[in-house]
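The lines below spell out each chain.
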Amino acid sequence: MIVLGIESSCDETGVALYDTEQGLIADTLYSQVPIHAEYGGVVPELASRDHIRKLTPLILQTLSEAQLSPQSIDGIAYTKGPGLMGALLAGSAVARSLAYAWDKPAMGVHHMEGHLLAPMLESQAPEFPFICLLISGGHTMIVKVEGIGRYEILGDTLDDAVGEAFDKTAKMLGLGYPGGPIVSQLALKGDPNRYQFPRPMIDRPGLDMSFSGLKTFTLNTWLAAKAKGDESEQTQADICRAFELAVADTLKIKCKRALKQTGYKTLVVAGGVSANREIRQQLTKLMEKEQGQAFYPRPAFCTDNGAMIAYAGAQRLLAGQTEDLNFAANPRWQLTDLPPI
Ligand code: KG4
Ligand code: ZN
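Residues numbered from 1 in each chain as written. Chains lettered and ligands numbered in written order. Predicted model: local features only at pLDDT ≥ 70, side-chain atom pairs only at ≥ 80, totals over all residues. Heavy atoms only, no water.

**Focus on the packing of aromatic side chains**
Rules: Pairing of aromatic rings covers Phe, Tyr and Trp, the last through its six-membered ring, and needs centres within 6.5 Å; plane angles under 30 degrees mean stacked, over 60 mean edge-to-face, and all others mean tilted. Categorising residues by exposure relies on relative accessible area from a 1.4 Å probe, with only protein chains included: less than 20% of the type maximum marks a residue as buried, more than 50% marks it as exposed, and the intermediate range marks it as partly exposed. The helix and strand labels rest on DSSP assignments: H or I over at least four residues marks a helix, E over at least two residues marks a strand, and numbering proceeds from the N terminus.
In total, this model carries 5 aromatic pairs according to the counting rule given. Aromatic pair phenylalanine 128 and phenylalanine 130: ring centres 5.3 Å apart, planes at 20°, arrangement stacked. The partly exposed category is assigned to phenylalanine 128, whose relative accessible area is 33%. Each ring, one from phenylalanine 166 and one from phenylalanine 243, has its centre 5.0 Å from the other, and the planes form 85°; the classification is edge-to-face. Taken as a pair, phenylalanine 166 in helix α5 (residues 162-172) and phenylalanine 243 in helix α8 (residues 233-262) lie far apart in primary sequence, 77 residues in all. Each of the two residues, phenylalanine 166 as well as phenylalanine 243, counts as buried.

Shown next, in the form of structure tokens:
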């Protein structure tokens, strides 16, 4: 079965073709980052308008790169939520219209299920059951995964998502958007011993997390340095390093607890922040110690992309699941509301 996947929940337009027998056939991405960069964050209205401009050309380009005609496609998968309402509506309207015109089934995909299943696109894919640490710009969850659609959320953030904390840290330091890659790049030059940042909520039982306190600590450290006249790049780098280490350590402690609680030996890390080098290193080390294994998507599939949507939609269409023609997007869709397959 060949499925066309369409992602448009935030600031990337992603289109891909996935074949359930041959794997990924084509994958194209258009990033809106330069459009939003001058505003320091995503401007929803600009995002929707740009998705409308780019979706059709990108779909045509993807089909042409794969040398496939619309007739050879068996279904269309698109991101139905969660995300920005206008951006989701742009993608779902295009996907639904094409499905109607080409007489193909369409499937609305949960964006976070797409992220969660992205490591399945790699040659070394994880097997169920596993613990998934889902870390993106809008979500931070520890999920017990028994199969597709069989999710139990063991831990969540009480305030900011990890990606959001990275983005806000970059903004506070005047480093630009999106913050994650910039902070982690600068952290490479940072001294790991200059600052010690707190590891939030590790002394409390359970798997919930909180990152707003860490954000405030980061701001106060920067303001204190500035008050002493120190606004050097080295100080920014040292702060980025301390921040990144605190985040990685906190996530590692929570994952270790989740593995102990469930007895699982497989950890999947996905979502935009899973591209982070320090977090990957610490979690890989943890899994070696636990005699288990950690799985990640390739860096390009950590952040938003069409391939993960094509993959997730293909699994559901293959299982015979369908949807009616009502294309309403669902910006607040819960992962636990998904049906199992
Ligand atoms: O999954 P994603 O592309 O979009 C959402 O679904 O939110 O994640 C975007 C988030 C942003 O907050 C971005 O700063 C963060 O992922 N991110 C990173 C890195 N690359 C992207 N955070 C830390 N380190 C990175 N290398
Ligand atoms: Zn995402």
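**Considerations on the pattern of salt bridges**
Put simply, the rule is: We count a salt bridge whenever a side-chain nitrogen from Lys or Arg sits within 4 Å of a carboxyl oxygen from Asp or Glu.
The final tally for this structure, using the stated rule, is 21 salt bridges. Among the salt bridges present, the one from aspartate 249 reaches arginine 199, with a minimum N-O distance of 3.0 Å. Here aspartate 249, found in helix α8, pairs with arginine 199, found in the loop between α6 (179-187) and α7 (212-227); they are 50 residues apart in sequence, far enough to count as distant.

**Looking at the packing of α5 against α6**
To be explicit about the condition: Helix axes are fitted to C-alpha atoms over the stretch in contact, other axes to C-alpha atoms as well, and angles between N-to-C directions run from 0 to 180 degrees. Here the word oblique covers every angle except those under 35 degrees (roughly parallel), over 145 (roughly antiparallel) and from 65 to 115 (roughly perpendicular). Crossings are assigned a handedness: left-handed for a near helix turned anticlockwise from the far helix by less than a right angle, right-handed for a clockwise turn. Between two residues, a contact is recorded if the distance between any of their heavy atoms is within 4.5 Å. Residue classes follow a fixed rule: Ala, Val, Leu, Ile, Met, Phe, Trp, Tyr, Cys and Pro count as nonpolar, while Asp, Glu, Lys and Arg count as charged, and any other residue, Gly among them, counts as polar.
Running from amino to carboxyl end, α5 crosses α6 at an angle of 70°, the nearest separation of the two axes being 7 Å. In terms of orientation, α5 lies roughly perpendicular with respect to α6. The crossing of α5 and α6 is left-handed. From α5, Phe166, Asp167, Thr169 and Ala170 reach across to α6, where they touch Gly179, Gly180 and Val183. Across the contact of α5 with α6, the residue classes tally to 3 nonpolar, 3 polar and 1 charged.

**A word on unusual backbone geometry**
Residue proline 129 follows phenylalanine 128 across a cis peptide bond; omega there is -5°. Across the junction of tyrosine 177 and proline 178, the peptide omega takes the value -5°, indicating a cis bond. With respect to the helices, strands and loops of the structure, proline 178 is situated in the loop between α5 and α6. Positive phi values are uncommon outside glycine, yet glutamine 67 reaches one of about 55°. Along the polypeptide, glutamine 67 turns up in the loop between α2 (44-66) and β4 (75-81).

**Concerning the pairing of strand β2 (residues 12-19)**
Condition: The rule for pairing is simple: two strands pair if DSSP sees at least two bridges between them.
The buried count for β2 comes to 8 of 8 residues, which makes it a mostly enclosed element. Burial of β2 is two-sided: the residues Glu12, Gly14, Ala16 and Tyr18 facing one way and the residues Thr13, Val15, Leu17 and Asp19 facing the other way are all buried. Relative to β2, strand β1 (residues 2-7) runs antiparallel, the two sharing 6 bridges. Within β2, the residue paired with leucine 4 across the bridge is leucine 17. Between β2 and strand β3 (residues 23-31), which pair antiparallel one after the other, the connecting turn spans 3 residues.

**Observations concerning the nonpolar core**
Worth spelling out the cut-off: We call a set of buried Ala, Val, Leu, Ile, Met, Phe, Trp, Tyr and Cys residues a nonpolar core when their side-chain atoms join them within 4.5 Å.
Val247, Leu251, Ile279 and Leu283 are the most contacted members of the largest nonpolar core, which has 43 residues in total. Contributions of two or more residues to this core are made by β6 (130-135), α5, α6, α7, α8, β9 (266-270) and α9 (277-289). Sequence-distant contacts of valine 247, that is, excluding residues within four places in its chain, are made with Val162, Phe166, Phe211, Leu214 and Ile279. Judged by nonpolar contacts, the second largest core, of 35 residues, contains Ala16, Ala307, Met308 and Ala310.

**Quick word on the side chain of aspartate 11**
Quick note on the threshold: Positive charges are assigned to Lys and Arg, negative charges to Asp and Glu, while His and the chain termini are left out of the count.
Along the chain, aspartate 11 turns up in the loop between β1 and β2. Although aspartate 11 lies buried, it forms no salt bridge, and the closest oppositely charged side chain, lysine 171, sits 12 Å away as judged by the N-O distance. Apart from the residues within four sequence positions on either side, aspartate 11 is in contact with Tyr30, Ser31, Gln32, Val33, His36, Val42 and Tyr177.

**Points about the domain arrangement of the chain**
Think of interface size as the accessible area that goes away when the parts come together; that is how it is often given. Threshold: Domain start and end points were adopted from an automatic or database domain assignment. Simply put, the buried area is the total loss of 1.4 Å probe accessible area from both parts when two parts are fitted together. Here a polar contact is taken to be a pair of N or O atoms separated by no more than 3.5 Å, where protein atoms must pair a possible hydrogen donor with a possible acceptor and residues adjacent in sequence count only if both atoms sit in side chains.
Partitioning the chain into domains gives domain 1 (2-117 + 301-337) and domain 2 (128-296). Spacing between the C-alpha centres of domain 1 and domain 2 amounts to 27 Å. Residue-level contacts link 19 residues of domain 1 with 23 residues of domain 2. A combined buried area of about 1600 Å² lies between domain 1 and domain 2, and 75% of that area is made up of carbon and sulfur atoms. Counting every contact that joins domain 1 to domain 2 gives 0 salt bridges. Taken together, the connections running from domain 1 to domain 2 amount to 4 residue pairs in polar contact (both at pLDDT 80 or more). Taken together, the elements giving at least two residues each to the side of domain 1 that touches domain 2 come down to α1 (33-37), α4 (111-117) and α10 (306-318). For the side of domain 1 that touches domain 2, the element with the highest residue contribution is α4, accounting for 5 residues. The residue inventory of the side of domain 1 that touches domain 2, partitioned by class, reads 9 nonpolar, 7 polar and 3 charged.

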